Structures are given as C-alpha cells and as structure tokens.
Amino acid sequence: MPESTAGAAVDVTLVQRRTVRVLASGQVLTGVAFGSTLSLGALLAADLSGQEALSGFATAAVTLGAALTAIPLARLAAARGRRFALSIGNVAALVGIAVVILAAALRVFPLLLVGIALIGAGNAGTLQARFAATDLATTARRGRDLATVVWATTVGGVVGPLLLAPGEVLGAGIGMPRLTGAYLFSFAAQACALALYVLVLRPDPLLLAQRRDRESAATVDVDAVVDRPALARYAMFAIAASHVTMASVMAMTPVHLSHIVAPDAVTLAVGVTIALHVFGMYGLSPVFGILADRVGRIAVVILGQVLLAAALAIAATLPWSQAGVLVALVLLGLGWSAATVAGSALLTEATPLAARPRRQGRSDTLMTASAAVGSVLAGVILGAAGYGGLALWALVPVAAVCLGAVAVTRRC
C-alpha cells in the first residue's frame, strides 16, 4: 500500500502495535551490536595508543558521535520519516565498524576514534527509536509503548557482552586484527537492524502521524496540539540531569571497585555490578511506563529522583562496602529508567507534532553532551573527594530536577 494513502486506509491501532514490535526488535539488534563492542573500544584505544590513560577517549568519541548527530538525525526524521533517519544511523554504525577494524589493522589511533564516533552516531539513532514509538501512540499508552522499546535494549545489553569471547575466537580463525572479532557480530546485527527498518517499518509512523495531523484527522489521544514549551524544557532538563547523575557515578564505579575488591576478584565484581546496573536501567522500564500513564509524567520523574537520591545516599554512606555499591548501582539504574521514560513521554506530549523531532533531537544532544562533561568532572571529583564525595556532589542535579518540578507545576 502506498504510504501517501496510508493515513486514510490503515487501522492506526494495528499500525502502532506493529511499529512497537519492529522498533523493539531493532533495539535488540542494535543493543547486541553496541553492547558487544563498547568495551572493546576502550581496549583498542589503550592498545593502539600504547597508553591506558587514553582508553577513556573511546567513551568520549562514542558520546561525541551521538551528541553531534542527534539533531541532524531528528531533522531527517521530520523531513523523510523515522525509517529513513533510523536507517541512516544504522549505515553510520556499519561504516564505523569497518573503520574501527581498518584502524586496528593499520594501528592508527586517530582513525580508531573516527570509527568509534561513527558507531556513536548509530547509537544516536538507537536513542531516537524510543520517540518513534510515541508518534502514533494514544495518551493512555504513550508511556508504556515508549518503555517497551526501551526495555528491549535489555536483551541486547545482556547478550552483546557475552559475544566478546566467541568473537575473538572467530576473528582469530579468519585472521582479523586482535580485539576486533566481536565486531563481526556487531556488523551482522546492525545489518539486520537496517534491513528490518527498511523493509518492515511501514507505514512510517511519523509520516503517517504528520499526514493525519495535516488532514485534521488526529484526535487528542494521538497528538497534544497545544505547545507547552516550559513543560518541554523541564522534560529535557530532567532527562539530561538524571542521565548526568547516573553516568558520572556509573563511570567511576569500576575504578572505585578496583580499590575495595581483591585484585583477583575485580573483573567479576565489576561485571556483576555493571550487569545488574544495566538491568536496573532497562529491565523495569515497562513498569515505569505504566506508572507514567496512570499517575502522571512528572510524578514518575520525581519517583526517579527519589530512587537516584537513595542510590547516592547509600554510595555516600557505604563507599567501602561492595554490597553497598552494588545496591547503589541497581537503584541508580532504576532511578534513571523512571526519569528517562517519564521525561521522554512528557517531552512528546508537551510538543506539537511538527516540532517534536527537533526537540527530541535537542534532548538527546543535551543528554549525551552533558554526560560527557559530567564523566570528565566525575573523575576529577573522585580523585579529590573519593567515591562518597562524588555521590554527594551528584545530589545537586537531583535536587535541581525536584525544584524544577515545583516551579513548572506552579507555572503550568
């Protein structure tokens, strides 16, 4: 069926259900691709540069790549649809993987960072998939549809790291450079995600929503026609501040664990802690989506801040307890999930359809760029004040989000 006539001919409820399934499947695939290679980027950076201190440049490159491309991808979505924008993100990641393998073969460190940045551009598309789940969603289901797509990342986040060892064996067998074997799985997963979006994400949810909006066929259940910029700004701030809180503490946790755990148990401790943290980030997102639909977006954003504050309080009072750090990281992930799911739903319904992709792109740029700055500052604070001191400093954005909720509620 031609997409130009889809608005009048399809059952939008069925299209939305299919869209959520496709997006969730794509998140599994891109999650596998990203999860299987993120850690390798840091190892490759240290190997090619010859300096462990430069391994952090891999994280900086992937974050920068996502931050720089979030707005352009959002503009592409507004002009050409979600399918086109998500596909461009997949293509960027595929090119990035090829560049990373080439850089490893040639042993060129700057080229490696270029490839990792392109993979980060692909991750920007992955982030925007959650917004694609809201294009045709009703107000009553917007939170849970968005959360379903976020939850699907859990599968890829767990499976991806498990492919590192098999990837090295496979890569060595066909003569690939050291530490690049898992990129074979990453390339295959990204290619499958690309095919999925190109062939199956039809009709395009954003183009269909735009058509319905132009024809004045949309109802309040599909689109919030009233622009509420103050509420949208608060949503973007809440998402970014919660992400900074989570990312800054999480990034420093492996370093801290290396100081409080026996040397032969560090790898296991870090792996278990980060795995449970990732589960906290994504595993219960459908629960927070349902809560956001039932009790309100701002209420769940505040719930997220309560969980973040609890995590930081435990980290500040029990910094030398491995169990305490583990509990803090799980709560940190849960708080991030609640704030991100509810904040993203709030941003969507506070913005008219025509302006949504642009604001959503700005939100992702602000989120990733803030996290990059926050991670750098976290290292400085960790060195000066320790893990407990870092946790106390991280309470500042939590408090700011809570105060912002009071101000925006009174204003709106």
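Going by the structure above, here's the rest.
These notes cover the structure that comes with them. Computed from a predicted structure; not experimentally measured. (Residues numbered from 1 in each chain as written. Predicted model: local features only at pLDDT ≥ 70, side-chain atom pairs only at ≥ 80, totals over all residues. Heavy atoms only, no water.)

## Some details on the nonpolar core
Judged by nonpolar contacts, the single largest core of 55 residues is most densely connected at Tyr234, Val249, Leu312, Leu332 and Tyr387. Counting residues per element, the ones that place at least two in this core are helix H7 (142-162), helix H11 (229-260), helix H12 (266-282), helix H13 (285-295), helix H14 (297-317), helix H15 (322-349), helix H16 (356-393) and helix H17 (395-411). Counting residues in hydrophobic clusters, the runner-up holds 19 residues, among them Ala45, Val100, Leu112 and Leu113. (Core = buried A, V, L, I, M, F, W, Y, C linked by side-chain atoms within 4.5 Å. Buried < 20%, exposed > 50% of the residue type's maximum accessible area, 1.4 Å probe, protein only. Helix = DSSP H or I, 4+ residues; strand = E, 2+ residues; numbered from the N terminus.)

## Examining the packing of aromatic side chains
Tallied over the full model, the rule gives 1 aromatic pair. Considering the side-chain rings of Tyr282 and Trp336, the 5.6 Å spacing of their centres and the 80 degrees angle between planes classify their relative orientation as edge-to-face. A residue pair is termed long-range when its members are at least 10 positions apart, and Tyr282 in helix H12 and Trp336 in helix H15 qualify at 54 residues. The residues Tyr282 and Trp336 share a single accessibility class, namely buried. Sitting over the ring of Phe84, Arg80 keeps its end group 4.0 Å from the ring centre. (Phe/Tyr/Trp six-rings, centres within 6.5 Å; stacked < 30°, edge-to-face > 60°. Lys NZ or Arg CZ within 6 Å of the ring centre and 35° of its normal.)

## Quick word on the environment of Thr340
Along the polypeptide, Thr340 turns up in helix H15. As for Thr340 and Gln322, which are separated by 18 residues in sequence, their C-alpha atoms are 27 Å apart. In this structure the side chain of Thr340 is engaged in a polar contact, spanning 2.8 Å, whose partner is the backbone oxygen of Trp336. (Polar contact = N/O pair within 3.5 Å; in protein donor to acceptor, adjacent residues only side chain to side chain.)

## Comments concerning the pattern of salt bridges
Applying the stated rule across the entire model yields 10 salt bridges. A salt bridge links Arg130 to Asp364; the shortest N-O distance between them is 3.0 Å. Within this pair, whereas Arg130 is found in helix H6 (residues 109-132), its partner Asp364 is found in helix H16, the two being separated by 234 residues in sequence. A single burial state applies to Arg130 and to Asp364, both of which are buried. A salt bridge links Arg297 to Glu349; the shortest N-O distance between them is 2.9 Å. Here Glu349 lies in helix H15 and Arg297 lies in helix H14, a separation of 52 residues in the sequence. Both residues of the pair, Arg297 and Glu349, belong to the buried class. Linked by salt bridges that have partners in common, Arg142, Arg144, Asp293, Arg297 and Glu349 make up one network. (Salt bridge = Lys/Arg side-chain N within 4 Å of Asp/Glu carboxyl O.)

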